[in-house]
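Coordinate inspection notes
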Amino acid sequence: MTDILVLYFSRHGGTKKLARLIARGIESTGAVARLRTVPELATAGEDPIFSEPDDPFVTLDDLTACDGLALGSPVRFGNMAAPLKYFIDSTSKAWLAGTLIGKPAIVFSSGSMLHGGQETTLQSMMLPLLHHGMIIVGIPHSEPALHTTSGGGSPYGPSHVTGEGRRQPDSDEKALAMAAGKRLADIATKLQH
C-alpha cells in the first residue's frame, strides 16, 4: 500500500487544516496518509510554545518509510517557518543515503493575507526537496478551482489565506488541497510499479 508522509508545521492552525484536506485527497485513492509535525522552537526574546501536538513528531524513519511527501508551512516573510527548516536541515543522513531520491513531493502553505508570500514559501520548500532528488508535483491548470480561486492555491501547490486565523478554507482551497493530495498519491503509486 502506498504510504504518503504529510509533514507540516502550524502555529495557528491554517497549515494543519490544509494538511488534513491533503490527507483526505491521499486517502481517497486507497493510499495511507501519515500526518506528522515538528516541535516549536524558541525565538529571540520568547519562550517556546510547548503543547501536546495533534499529530506525532516526525522522525528520519518517517522519511525512509514514505513513498511520497507533502510538506507544509505557514508563511514566514516569504519563506518556510524555522521549526520546519530546522528539521529539514537535520536530514543530511537521509540525503547521504539517498532516502528520498525519486519519490514525489508536493508543498503547501498558509498565510494571513493574499499576496503575503505563499508562492515564495512554496518555492522555498521545493529547494531542499530538489537537493534530496525528489520529484516535485504541482497542480496542473486542468484543475478547475485553479481558475476560480480568489484565495489560495497556485500551480506551485495548495495554499490557504487565513485572514489572521479567522477564515476557513473556501471551496476552491479545499478542492485544490484534495486534488493535490490525490495527484501525489496517484503518482507515488505509479512510481512503485
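Since this is a predicted model, take the numbers as computed values, not measurements. (Residues numbered from 1 in each chain as written. Predicted model: local features only at pLDDT ≥ 70, side-chain atom pairs only at ≥ 80, totals over all residues. Heavy atoms only, no water.)

Observations concerning the overall build of the protein chain
Assigned secondary structure in the protein chain consists of seven helices and six strands. Ordered by position from the N terminus, the helices and strands of the protein chain form the series β-α-β-α-β-α-α-β-α-β-α-β-α. In terms of overall dimensions, the protein chain is globule-like: its C-alpha atoms have a radius of gyration of 15 Å, near the 16 Å expected for 193 residues. Expressed along its principal axes, the backbone C-alpha trace of the protein chain runs to roughly 45 × 40 × 25 Å. In the protein chain, which comprises 193 residues, the proportion classed as buried is 49%. Counted over contacts in the protein chain with a minimum sequence separation of 6, partners at least 24 positions apart contribute 75%. Counting only carbon and sulfur atoms, one obtains 57% of the accessible surface of the protein chain, whose full area is about 9400 Å². When the 17 basic and 19 acidic side-chain charges of the protein chain are each reduced to a single mean position, those positions are 3 Å apart. (Helix = DSSP H or I, 4+ residues; strand = E, 2+ residues; numbered from the N terminus. Rg over C-alpha atoms; globule rule 2.2 N^0.38 Å. Buried < 20%, exposed > 50% of the residue type's maximum accessible area, 1.4 Å probe, protein only. Contact = heavy atoms within 4.5 Å. Areas by Shrake-Rupley, 256 points an atom, 1.4 Å probe, with all protein chains shown as cover. Lys, Arg positive; Asp, Glu negative; His and termini not counted. Charge placed at Lys NZ, Arg CZ, Asp CG, Glu CD.)

So, the packing of helix H1 (residues 14-27) against helix H7 (residues 171-192)
Between H1 and H7, whose axes approach to 7 Å, the crossing angle comes to 50°. As judged from the angle between their axes, H1 and H7 are oblique. Read as a crossing pair, H1 and H7 show a hand that is right-handed. For the pair formed by H1 and H7, the contact residues are Leu-18, Leu-21, Ile-22, Arg-24, Gly-25 and Ile-26 on the first element and Glu-173, Lys-174, Ala-177, Met-178, Gly-181, Lys-182 and Ala-185 on the second. Each residue belonging to the contact of H1 with H7 can be placed in one class, and the counts come to seven nonpolar, two polar and four charged. (Axes fitted to C-alpha atoms, helices over the stretch in contact; angles between N-to-C directions. Parallel < 35°, antiparallel > 145°, perpendicular 65-115°, else oblique. Left-handed = near helix turned anticlockwise from the far one by under 90°. Nonpolar A, V, L, I, M, F, W, Y, C, P; charged D, E, K, R; others polar.)

Focus on the pairing of strand E2 (residues 32-37)
Of all the six residues making up E2, five are buried; the element is thus mostly covered by neighbouring parts of the structure. Judged from the six bridges that link them, strand E1 (residues 3-8) and E2 form a sheet pairing that is parallel. Bridging from a neighbouring strand, Ile-4 pairs with Ala-33 of E2. A crossover connection joins E1 to the parallel E2 through H1; in handedness this β-α-β unit is right-handed. (Pairing = 2+ DSSP bridges. Right-handed = clockwise from strand over helix to strand, strands pointing away.)

Observations concerning the pairing of strand E3 (residues 68-74)
Among the seven residues that make up E3, seven are buried, leaving the element largely enclosed by the rest of the structure. By the alternation rule, side chains of E3 split into Gly-68, Ala-70, Gly-72 and Pro-74 and Leu-69, Leu-71 and Ser-73, which are all buried. With five bridges joining them, E1 and E3 adopt parallel strand pairing. Within the sheet, the bridge partner assigned to Ile-4 lies in E3 and is Gly-68. Sheet topology places E3 next to strand E4 (residues 104-111); six bridges connect them, and they run parallel. Within E4, the position partnered with Leu-71 by the bridge is Val-107.

Considerations on the side chain of Ser-73
For Ser-73, the position within the fold is in strand E3. Not counting residues up to four positions away in its chain, the partners in contact with Ser-73 are Phe-9, Thr-15, Met-80, Ala-81, Leu-84, Phe-108, Ser-109, Ser-110, Thr-121 and Met-125.

Quick word on the side chain of Thr-99
Looking at where Thr-99 falls in the secondary structure, it is placed in the loop between helix H4 (92-97) and E4. The exposure class of Thr-99 is buried, given its relative accessible area of 18%. Here Thr-99 is in contact with Leu-63, Thr-64 and Ala-94, once residues within four sequence places are set aside.

Some details on the environment of Lys-16
Relative to the assigned elements, Lys-16 resides in helix H1. Judged by its relative accessible area of 25%, Lys-16 is partly exposed. Along the chain, Lys-16 and Ala-180 lie 164 residues apart, while their C-alpha atoms are 15 Å from each other. Excluding residues that lie within four positions of it along the chain, Lys-16 makes contacts with Tyr-8, Ser-10 and Asp-54.

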